[in-house]
Amino acid sequence: MLFNSWEFLILFLPLVFALYWMAKNRVVQNWILVLSSWYFYGYWDWRFLGLLLFSSFLDYSIGRELGKTSVAWKRKLLLALSFSGNIGVLIYFKYFGFFLDNLEIVLQKLGFAHALPNLSIILPLGISFYTFQTFSYTLDIYKNRLAPEKSLLSFLCFVSFFPQLVAGPIEKAKTMLPQFNRSRVFNYADAVQGARLILWGLFLKVFISLKLAKPVDLVYGNLDEAGGPLLILVQFFFYAQLYCDFAGYSYIALGLGKFMGFQLSYNFKYPLLSNNLQKFWSSWHITLNQWFRDYLVVPLMLKYRSQGASLLIIQLNLLLIGVWHGANWTFIACFGLISIYYLIKCGDHESRRPFKKLGGTVVSILTFQLFIAAHMVFFRSKNIGHALDYFKSILDPNNLTPLKLGSYPLILLPLLLLVGLVLIEFFSHKRFNYPLEQIQKIGPVRYVFYFVMFYAIVANIDAMQPFIYFDF
Amino acid sequence: MKPFLLKISAVLIAFSLLLIGSDWVLKWHHEPSGKLARKYRALKMDRVPEEIPFTFFLGSSVTNRHINPLLFDSIAGTHSFNLGVNGLAYSPKITVLKSLFAEGFIKRGDEVILEIGLSMPFEDFELNKKFNNNFYRYFYTGTNFQDDWGVVAHSPLDWQAKTQAFWELFCFYLNSRCKYHHAIENIWKEQNQSRKVKSACQYPKAYQHRGFSPYCNSRKANLVNDTTTLYAELRKYVKRGTKLMTQDSLRIYYYMPYERISQWCCQRNIKLSFLIPSTHGINQSELEIAGFLVHQNHQVINLFDPNELPQLFSYKLYYNFGHYNYQGAQLYTKALAQEYLKLTAQNKK
């Protein structure tokens with residue numbers, strides 16, 4: 001079920017909301033959450049519920065066992081079991097087909113002409129998100145940072161909580177489990193914030209992302225027809241589209257969490273205004289970056305403290321983030337570019353930069369954002385060749401016609417939306433977690449904004465637009 | 001929790017009412033989008049000089065793909081235009097007719113040949129949700145919703161299918177409320193797009209042949225290779241939506257609407273004829289409708305007559321189930337023109 005579908009907004013959400021708050025105690029509320037989350041997940045394909053349950057029971061049992069033993073080798077064995085269970089499932093469903101395809105190419109180049117079996121493996125929805133979440137729970141217990149959860153019900157809630165089940169945010173057990181274990185009472189202010197988050201998220205996803213997608217799809221499908229400047233502009237559109245798509249989903253998830261009395265983590269904090277990698281990674285898909293930071297980068301850096309090792313660890317981190325995004329060379333290339341950028345800029349501290357005034361900041365933001373937009377060519381392209389064609393078309397000196405493909409109407413609305421989005425971020429980023437957070441301060445005029453957003457959403461809502469990050 | 005629920009419900013209801021109310025305010029945004037919009041524009045360019053009466057073919061893809069106005073005119077001596085739109089069911093056909101008249105595309109003295117089909121809302125659900133067709137996306141009004149729900153409610157579907165149908169119609173209605181107003185934006189976009197963009201978007205080959213958009217001269221690989229089997233398959237296909245249609249349903253949802261549209265045309269001095277295509281694999285209900293129309297002294301051109309028009313009943317003419325290839329379309333147009341001439345001659349007598 002998609003958040004941007006009528007089924008979800010008109011039937012599922014009101015029904016779950018009503019049942020949830022009508023329940024008198026925490027246990028019943030948790031049961032409602034678990035069952036509704038399973039329904040939510042199974043609505044897409046009930047067969048994959050088995051995987052969700054497997055992951056849940058595996059880590060719950062391993063967590064309990066880890067709590068009972070202090071023998072080092074047993075603990076390592078249990079951790080290895082959880083790792084192989086979670087990551088094994090992930091590897092099979094997400095990467096096995098990719099591995100076979102590449103192996104076949106290599107074998108063919110070596111002169112072995114046998115075709116390997118062509119496996120059509122369906123990628124289960126949200127598998128990268130919930131396996132990381134459950135595995136982090138086991139890791140935390142292994143590292144003695146968390147006590148094993150006693151209640152199976154709370155643990156099931158933690159793994160399958162529908163607002164963040166299929167596309168994050170990737171939450172940590174130590175922040176979520178206590179929330180499932182405490183009594184929850186309805187809070188008016190939280191519910192209002194939840195409604196605003198949902199509205200803002202839907203607006204980003206259903207309206208802005210959709211409008212930005214039109215020129216992007218057209219241009220990516222017809223590279224020969226577009227001039228260089230248009231290609232650059234469209235790449236910014238894609239960057240913003242991806243942002244609106246994913247941030248929109250994350251805001252909806254946060255809003256749904258607030259509806260139910262939970263505080264989820266913000267996954268995005270105004271990345272369009274970042275002017276260096278550090279700021280960007282602390283504002284874009286925050287929970288994934290934190291996951292890798294906490295469970296990979298920091299432990300390794302504590303173990304290997306040399307500067308060279310640090311660089312290697314960062315490179316490994318970027319490679320794994322790339323691989324996490326999908327089984328395609330394009331993702332590896334995408335994060336490979338970031339890796340190169342990091343190596344070039346790693347000695348560049350902000351204090352040494354010549355730009356200190358506002359103009360300088362704007363220039364540094366623009367140049368950095370240009371790089372971010374450029375590296376996303378790999379994110380959007382079908383394969384490496386397609387991405388390289390894109391760059392070739394941009395750099396082709398004979399292809400400098402300002403707006404060759406399409407016409408001004410094609411880019412006018414997306415351009416206005418992009419500029420509007422940047423301005424909204426600019427005016428909100430210092431004070432608010434998201435732009436509508438304190439909108440009540442402007443009084444009843446806010447209803448005009450609400451209505452405009454409502455109109456835009458209803459006009460464009462279409463259950464056929466899945467979230468881009470569902471593919472990961 | 002009560003204050004929150006009351007507030008959010010009040011806001012949502014108020015917004016929904018505003019949205020539906022905006023229909024009345026924004027009625028001038030009438031021009032549809034998609035395929036029909038392109039036909040409108042082609043027609044606008046084609047309708048010169050204005051004083052010549054036009055013959056319009058209005059229907060679904062069967063009309064769109066089969067009737068070549070240039071060929072028809074060369075035989076029948078008319079000046080015609082093909083307004084067939086893929087996936088166009090009955091109620092939007094009528095909306096098209098009315099809106100074309102309101103906007104001056106169809107004038108008094110013109111002639112309309114309306115394709116008869118059994119496409120009904122509940123059938124559409126089974127036949128892969130045709131509601132996404134370009135026309136419906138923009139013109140699905142409250143009246144359409146009521147009409148379609150009425151059809152579904154009186155249909156032989158079981159309660160689960162009816163519930164699903166109601167839900168889909170309801171969502172579709174909500175969804176199209178705003179798209180309706182956005183149509184003008186799309187028109188503007190399309191008018192400003194270059195030819196290359198149009199071809200990039202995989203638009204059909206343009207509508208320079210007075211709206212005629214035929215299939216090529218090949219056949220789909222999965223098509224059967226003999227005529228008897230082909231028509232048996234077609235009958236099965238049609239039966240899915242209509243096998244249990246009662247006389248009552250026929251009366252309410254076909255006879256009465258056809259009567260109404262006939263009166264509407266008569267009042268505006270528009271000549272209306274009904275066309276029964278040869279490609280439907282016709283069934284009992286369609287024949288009953290045809291019989292009713294003839295009985296009521298309506299003009300009916302019946303191409304579903306294997307005895308009179310055997311040339312139209314060969315599997316070789318088909319491109320896919322329900323549609324002819326280019327060769328079939330040419331034969332179909334010729335047969336239509338000849339039947340049209342016969343009908344005109346009868347009327348003169």
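Residues numbered from 1 in each chain as written. Chains lettered and ligands numbered in written order. Predicted model: local features only at pLDDT ≥ 70, side-chain atom pairs only at ≥ 80, totals over all residues. Heavy atoms only, no water.

1. Thoughts on the pattern of salt bridges
Residues and elements named next belong to chain A. The line we're drawing: Whenever Lys or Arg places a side-chain nitrogen within 4 Å of a carboxyl oxygen from Asp or Glu, that contact is recorded as a salt bridge. Only DSSP runs of H or I reaching four residues or more are called helices, and only runs of E reaching two or more are called strands; each is numbered from the N terminus. Throughout, exposure labels follow a simple rule: accessible area from a 1.4 Å probe, protein chains only, divided by the maximum for the residue type, with under 20% read as buried, over 50% as exposed, and the rest as partly exposed.
Tallied over the entire structure, the rule returns eight salt bridges over all chains. The closest approach of N and O atoms between Glu-65 and Lys-68, which form a salt bridge, is 3.6 Å. Taken as a pair, Glu-65 and Lys-68 lie in helix H3 (residues 49-68) at a separation of three residues, close to a single helical turn. For Arg-145, the salt bridge identified is with Asp-140, shortest N-O distance 3.2 Å. Take Arg-145: its relative accessible area is 42%, and that puts it in the partly exposed class. When its relative accessible area of 3% is taken as the criterion, Asp-140 is described as buried.

2. Topic: the sheet that holds strand S3 (residues 111-115) of chain B
Residues and elements named next belong to chain B. Threshold: Pairing between strands is defined by DSSP: at least two bridges between them are needed. Orientation is described by axes fitted as lines to C-alpha atoms, over the contacting stretch for helices, and by angles from 0 to 180 degrees between their N-to-C directions. In what follows, a contact means two residues having at least one pair of non-hydrogen atoms within 4.5 Å.
Pairing is parallel in the open sheet, where five strands are placed in the order S2-S1-S3-S4-S5. Among the strands making up the open sheet, the edge pair consists of strand S2 (80-82) and strand S5 (299-302). In this sheet, adjacent strand axes meet at a mean angle of 20 degrees when their direction is disregarded. In this sheet, S3 lies alongside strand S1 (residues 55-58) in parallel orientation, the contact comprising four bridges. Bridging across to S3, Thr-55 finds its partner in Glu-111. Here helix H4 (residues 69-76) sits on the sheet and contacts S1 and S2; the angle it forms with S2, its principal contact strand, is near 155 degrees. In this fold helix H14 (residues 326-348) packs onto S1, S3, strand S4 (271-276) and S5, with an angle of close to 145 degrees to the strand it touches most, S5.

3. A few points about the packing of aromatic side chains
Residues and elements named next belong to chain A. So the rule is basically this: Only the six-membered ring of Trp is used, alongside the rings of Phe and Tyr, when aromatic pairs are assigned; centres must lie within 6.5 Å, and planes under 30 degrees apart are stacked while those over 60 apart are edge-to-face, with the rest tilted.
For the structure shown, the criterion picks out 67 aromatic pairs over all chains. On the basis of an interplanar angle of 45 degrees and a centroid distance of 5.8 Å, the ring pair of Phe-12 and Phe-40 is categorised as tilted. Here Phe-12 is found in helix H1 (residues 6-22), whereas its partner Phe-40 is found in helix H2 (residues 26-45), with 28 residues between them in sequence. Both residues of the pair, Phe-12 and Phe-40, belong to the buried class. What links up through ring pairs into an aromatic cluster is the set Phe-3, Phe-8, Phe-12, Tyr-39, Phe-40, Tyr-43, Phe-161, Phe-162, Phe-180, Tyr-249 and Phe-262.

4. Describing the pairing of S3(B)
Consecutive residues of a regular strand have side chains that alternate between opposite faces of the sheet. With five of five residues buried, S3(B) is to be regarded as a mostly interior element. In S3(B), alternate side chains face the same way, and those of Glu111(B), Ile113(B) and Glu115(B) on one face and Val112(B) and Leu114(B) on the other are all buried.

5. Comments concerning a nonpolar patch on the surface
Test applied: The residues that make up patches have over 30% relative accessible area and no salt bridge, and they are joined within 9 Å when like-charged or within 5 Å when they are Val, Leu, Ile, Met, Phe, Trp or Tyr. Only the protein chains shown count as cover for residues, and the accessible areas themselves come from Shrake-Rupley with a 1.4 Å probe.
Residues Leu415(A), Val419(A), Leu423(A), Phe426(A) and Phe427(A) make up a contiguous nonpolar surface patch of roughly 470 Å² in combined accessible area. Here Leu423(A) shows up in helix H17 (residues 408-428).

6. Quick look at the confidence of the model for chain A
To be explicit about the condition: The predictor rates its confidence in each residue with pLDDT, a number between 0 and 100.
Mean pLDDT over chain A: 83, with 89% of residues reaching 70 or higher. Throughout residues 351-355 of chain A the model reports pLDDT below 50, and contacts reaching past four residues in sequence, or to other chains, amount to eight contacts.

7. Some remarks on the side chain of Thr63(B)
Relative to the assigned elements, Thr63(B) resides in helix H3 (residues 61-66). Not counting chain neighbours up to four residues away, the residues in contact with Thr63(B) comprise Phe57(B), Leu58(B), Asn82(B), Gly84(B) and Glu115(B).

8. Side note on the packing of helix H12 (residues 286-303) of chain A against helix H13 (residues 307-325) of chain A
Residues and elements named next belong to chain A. Cut-off, in case you're wondering: Two helices that cross are described as forming a left-handed crossing if the nearer one is turned anticlockwise from the farther one by less than a right angle, and a right-handed crossing if clockwise. Residues are grouped as follows: Ala, Val, Leu, Ile, Met, Phe, Trp, Tyr, Cys and Pro are nonpolar; Asp, Glu, Lys and Arg are charged; all remaining types, including Gly, are polar.
Two elements in contact, H12 and H13, have axes whose closest approach is 10 Å; the angle formed by their N-to-C orientations is 145 degrees. Helix-helix and strand crossings are classified by hand; for H12 and H13 the assignment is right-handed. Contact residues: H12 offers Leu-288, Asn-289, Phe-292, Leu-296, Val-297, Leu-300 and Met-301, while H13 offers Ser-310, Ile-313, Ile-314, Leu-316, Asn-317, Leu-320, Ile-321, Trp-324 and His-325. Across the contact of H12 with H13, the residue classes break down as twelve nonpolar, four polar and no charged.

9. What about the environment of Phe236(A)?
Structurally, the position occupied by Phe236(A) is in helix H10 (residues 228-259). If near-sequence neighbours (up to four positions away) are discounted, Phe236(A) is found in contact with Gln369(A), Leu370(A), Ala373(A) and Leu418(A).

10. Observations concerning the pairing of S4(B)
Residue and element names in this part refer to chain B. Counted residue by residue, S4 has five buried out of six residues, so it is predominantly covered. Looking at chain direction, S3 and S4 are connected through five bridges and run parallel. Across the sheet, the residue bridging to Glu-115 is Leu-275, located in S4. Note: S4 against S5, four bridges, orientation parallel. Directly across from Ser-273, in S5, lies its bridge partner Gln-299.

11. Considerations on the packing of H3(A) against helix H5 (residues 127-142) of chain A
Residues and elements named next belong to chain A. Inclusion rule: Between 65 and 115 degrees an angle is taken as roughly perpendicular, under 35 as roughly parallel, over 145 as roughly antiparallel, and anywhere else as oblique.
Here H3 crosses H5 at 5 degrees, and the two axes come no closer than 9 Å. Here H3 lies roughly parallel to H5, going by the angle between them. Between H3 and H5, the contacting residues are Leu-51, Leu-52, Ser-55, Asp-59, Ile-62, Gly-63 and Leu-66 on the first element and Ile-127, Tyr-130, Thr-131, Thr-134, Phe-135, Tyr-137, Thr-138, Ile-141 and Tyr-142 on the second. Residues belonging to the contact of H3 with H5 are distributed by class as follows: ten nonpolar, five polar and one charged.

12. Thoughts on H12(A)
Note: α-helices contain 3.6 residues per turn, so residues at a spacing of three or four share the same orientation. Residue and element names in this part refer to chain A. So the rule is basically this: Take the residue count of a helix, subtract one, and multiply by 1.5 Å to get its expected span. Each residue is assigned a bend, namely the angle between axes fitted to the seven residues that terminate at it and the seven residues that start at it.
Under the 1.5 Å per step criterion, the end-to-end length of H12 is 24 Å for 18 residues, consistent within 8% with the ideal 26 Å. At Arg-293, H12 shows its maximal bend, which comes to roughly 40 degrees. Turning to H12, its buried residues are Ile-286, Thr-287, Leu-288, Asn-289, Trp-291, Phe-292, Asp-294, Tyr-295, Leu-296 and Val-297.

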